[in-house]
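Okay, here's what each chain looks like letter by letter:
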Amino acid sequence: MIAASGPACTTEEAFEQMVLEYQMPLKRMCYMYLHDMSLAEDAVQETFLKVYRSLPQFGGGCSVKTWIMKIGVNTCRDMLRSAWFRHHDRRIVPEELLIPAEENLQPEESGDLGRAILELPVKYKDVILLYYYQDMNQDEIAEVLQVSAPTVSRRLKRAQEKLRDVLKGGREDE
């Protein structure tokens, strides 16, 4: 490891700090994308490999969180598009989402809200996960998803409406 001089830190130290700070939020986001904790852990590992390799080229044009989440979203999308994933039966039974042993998941992720989010179309699920679960603002989300900020705003509003309708309908049926 290269010795740090003064307040500056080495690439390895910066990377270790990124892993400590963003590992769990990234894992939660990947789980919500992939619906499988093992795959989410693989996606997190792959994301941090890509981050480490790209760290010298990171120009600071966006926040570190935005940059890492963008790589994470793209990694999950790549996994979902892979031939193995398309030909492997990954259907989730809602009861499987209620497994209490899944670490670091919030209670709402295993209830009605979690199921409703998982059922959203990808473009709506993306904005919900990044806005509410990663505390990103609309400009950061636009950068991650490579769309305009007004598009993010429209998708967020539409996703909220869809969730409201699904959750309202679910309560009336009970």
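Whatever comes next refers back to the structure up there.
Remember, predicted model here, so these are calculated numbers, not experimental data. (Residues numbered from 1 in each chain as written. Predicted model: local features only at pLDDT ≥ 70, side-chain atom pairs only at ≥ 80, totals over all residues. Heavy atoms only, no water.)

J.: Give a description of the environment of M32 that names residues and reports values.
T.: Topologically, M32 is positioned in helix α1 (residues 11–34). Residues M32 and K125, 93 residues apart in the sequence, show an inter-C-alpha distance of 8.8 Å. (Helix = DSSP H or I, 4+ residues; strand = E, 2+ residues; numbered from the N terminus.)

J.: So what's going on with helix α2 (residues 37–54)? Which residues, and what values?
T.: Side chains three or four residues apart in an α-helix point the same way, a direct result of the helix having 3.6 residues per turn. End to end, α2 covers 25 Å across 18 residues, agreeing with the expected 26 Å (1.5 Å per residue, within 8%). Turning to α2, its buried residues are M37, L39, A40, A43, V44, T47, F48 and V51. (Expected span 1.5 Å × (residues − 1). Buried < 20%, exposed > 50% of the residue type's maximum accessible area, 1.4 Å probe, protein only.)

J.: Mind laying out the environment of M79, listing which residues take part and the relevant values?
T.: Position of M79 among the secondary structure elements: in helix α3 (residues 64–81). Accessibility expressed as a relative area gives 19% for M79, which makes it buried. Along the backbone, M79 and L34 are 45 residues apart, and their C-alpha atoms lie at a distance of 8.3 Å.

J.: Give a description of the side chain of T75 that names residues and reports values.
T.: Within the fold, T75 resides in helix α3. Within the structure, T75 has its side chain in polar contact with the side chain of K50 (distance 3.2 Å). Among the polar contacts listed, one links the side chain of T75 to the backbone oxygen of I71, at a separation of 2.8 Å. Beyond its immediate sequence surroundings of up to four residues, T75 is in contact with A43, E46, T47 and K50. (Polar contact = N/O pair within 3.5 Å; in protein donor to acceptor, adjacent residues only side chain to side chain. Contact = heavy atoms within 4.5 Å.)

J.: Would you mind going over the packing of helix α6 (residues 122–133) against helix α7 (residues 138–145) in detail, with residue names and values included?
T.: As a packed pair, α6 and α7 sit with axes 10 Å apart at the nearest point and diverge in direction by 135°. If you check the angle between α6 and α7, you find them oblique. At the point where α6 passes α7, the crossing takes the right-handed sense. Here D126, V127, L130 and Y131 of α6 come into contact with α7, specifically with Q138, I141, V144 and L145. (Axes fitted to C-alpha atoms, helices over the stretch in contact; angles between N-to-C directions. Parallel < 35°, antiparallel > 145°, perpendicular 65-115°, else oblique. Left-handed = near helix turned anticlockwise from the far one by under 90°.)

J.: Could you give me a rundown of the pattern of salt bridges, with the residues and numbers involved?
T.: Following the criterion strictly, the structure yields five salt bridges and no others. Across the pair R81 and D78 runs a salt bridge whose closest N-O atoms are separated by 2.9 Å. Here R81 and its partner D78 are both found in helix α3, three residues apart, which amounts to about one turn of the helix. On the basis of relative accessibility, which here comes to 39%, the residue D78 falls in the partly exposed class. Bridged by salt links that share partners, the residues K50, D78 and R81 form one connected network. (Salt bridge = Lys/Arg side-chain N within 4 Å of Asp/Glu carboxyl O.)

J.: Tell me about the nonpolar core, and please be specific about residues and values.
T.: Counting residues in each nonpolar core, the largest one holds 46 residues, and the members touching the most others are L26, F48, V51, W67, I68, I128 and L130. For this core, the elements supplying multiple residues, two or more each, are α1, α2, α3, α5 (112–119), α6, α7 and α8 (149–173). When residues in this core are grouped by element, the largest group, ten residues, is from α1. Excluding residues that lie within four positions of it along the chain, W67 makes contacts with M18, V51, S54, L55, F58 and C62. (Core = buried A, V, L, I, M, F, W, Y, C linked by side-chain atoms within 4.5 Å.)

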